[in-house]
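Okay, here's what each chain looks like letter by letter:
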Amino acid sequence: MSVNAAEDRPPTPPGIRRVTPAAPIDWLAAGWRDLVATRFTGLLYGAAFAAMGIAVATVYANYWQLTMGLIGGFFLLGPFVATGLYDLSHQREAGGPVSLASSLTCWRKNPGSIGLFAVVLTFLMIVWARVSVIQFALVSNTSIPTLEGMIGTIFSLDNLPFLGLWTATGAAFATLAFAISVVSVPMMLDRGADAFGAVFASVRALVANPLPMLVWAVTIVVVIGLSLALGFLPLVVTGPLVGHATWHAYRAMVER
């Protein structure tokens with residue numbers, strides 16, 4: 001009877017460690033070591049990230065309002081698209097040979113949970129993109145505004161409230177995505193955790209480490225944001241670097 005009761009109990013949530021505000025520096029350093037030790041295999045992922053950004057900007061060149069929303073989606077979908085990078089760090093940690101092919105199919109370790117989480121992030125990105133378009137449409141005084149004209153309008157002193165609202169809305173979406181994804185995908189890969197359990201652990205890690213998580217979030221926004229602003233090409237390096245570092249953030253905050 002006791003054996004059956006033990007089998008019926010839900011798995012115990014993992015313990016969450018507290019880290020220092022300087023921990024993100026250590027994670028980035030460890031991420032760089034992973035990038036080097038894996039013979040820069042992660043740069044292939046970085047090249048894919050840069051190509052995705054360039055493709056979005058090119059395809060939607062005449063619909064820049066949507067482009068800005070979709071490019072902002074890099075911050076929302078980042079935790080999922082970096083799944084292969086987490087696996088490369090995991091492979092290196094295990095001490096075996098590093099395989100790009102294995103990292104490309106690592107989602108097979110937990111397809112249901114990782115797939116569900118990808119759907120959630122995609123939904124957030126779509127909603128954010130549409131909200132962004134609507135906000136730009138509300139401030140526009142023409143049916144099809146030009147990019148130059150709209151930028152001049154938005155950044156005028158008369159529209160500072162709009163700029164603040166647009167920024168705050170984007171920050172709200174990004175904060176939600178960050179809260180549910182700080183450690184969730186690495187945990188799903190490493191432990192086969194279900195999506196809801198991993199999201200719960202991610203939120204707990206955020207609550208237990210508010211200042212370090214703020215530093216980490218700002219670091220990601222600055223590093224990836226500058227890469228986007230500089231034409232996407234820096235993503236070849238910065239994308240894999242942040243991805244590898246995220247694996248070490250998971251290892252630092254979630255007890256084994």
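Before going into details, it helps to say that this report is about the structure given with it. (Residues numbered from 1 in each chain as written. Predicted model: local features only at pLDDT ≥ 70, side-chain atom pairs only at ≥ 80, totals over all residues. Heavy atoms only, no water.)

**Description of the pattern of salt bridges**
Next, step 1: Considering all chains together, one arrives at 5 salt bridges under this definition.
Next, step 2: For D34, the salt bridge is made with R92, and the minimal N-O distance between the two is 2.5 Å. One end of the pair, D34, is in helix α2 (residues 23–37); the other, R92, is in helix α5 (residues 83–94), with 58 residues separating them in the sequence.
Next, step 3: Residue class for D34 comes out buried when judged on its relative accessible area of 1%.
Next, step 4: The partner of E93 in a salt bridge is R256, with the nearest N and O atoms 3.6 Å apart. Note that E93 is positioned in helix α5 and R256 in the segment after α13 (235–253), a separation of 163 residues in sequence.
Next, step 5: Salt bridges here are not isolated pairs; linked through shared partners, they connect E93, D190, R251 and R256. (Salt bridge = Lys/Arg side-chain N within 4 Å of Asp/Glu carboxyl O. Helix = DSSP H or I, 4+ residues; strand = E, 2+ residues; numbered from the N terminus. Buried < 20%, exposed > 50% of the residue type's maximum accessible area, 1.4 Å probe, protein only.)

**Some words on the nonpolar core**
Next, step 1: W27, W216 and M253 are the most contacted members of the largest nonpolar core, which totals 52 residues.
Next, step 2: Sequence-distant contacts of W27, defined by excluding residues within four places in its chain, comprise V19, M213, W216, A245, H248, A249, A252 and M253. (Core = buried A, V, L, I, M, F, W, Y, C linked by side-chain atoms within 4.5 Å. Contact = heavy atoms within 4.5 Å.)

**Considering the environment of A118**
Next, step 1: If you trace the backbone, A118 turns up in helix α7 (residues 111–139).
Next, step 2: Looking at A118, the relative accessible area reads 11%, which means it is buried.
Next, step 3: With 37 residues separating them in the primary sequence, A118 and V81 have C-alpha atoms 8.7 Å apart.

**A look at unusual backbone geometry**
Next, step 1: Here R39, not a glycine, exhibits a phi torsion of approximately 55°, which is positive.
Next, step 2: As for its placement among the helices and strands, R39 is situated in the loop between α2 and α3 (42–59).
Next, step 3: Phi is positive for F232, close to 80°, though the residue is something other than glycine.
Next, step 4: Along the polypeptide, F232 turns up in the loop between α12 (210–229) and α13.

**Looking at a nonpolar patch on the surface**
Next, step 1: On the surface, a cluster of nonpolar side chains totalling about 630 Å² of accessible area is made up of L211, L214, V215, V218, V222, L226 and L230.
Next, step 2: When you line up the elements, L214 lands in helix α12. (Patch = residues over 30% accessible without salt bridge, like charges linked within 9 Å, V, L, I, M, F, W, Y side chains within 5 Å. Areas by Shrake-Rupley, 256 points an atom, 1.4 Å probe, with all protein chains shown as cover.)

**Focus: the packing of aromatic side chains**
Here a ring pair, both rings aromatic, is described through the centre-centre distance and the interplanar angle of the planes.
Next, step 1: Evaluated as defined, the whole model comprises 4 aromatic pairs.
Next, step 2: For the pair W32 and F40, a centre-to-centre distance of 6.1 Å together with 70° between the ring planes defines the contact as edge-to-face. (Phe/Tyr/Trp six-rings, centres within 6.5 Å; stacked < 30°, edge-to-face > 60°.)

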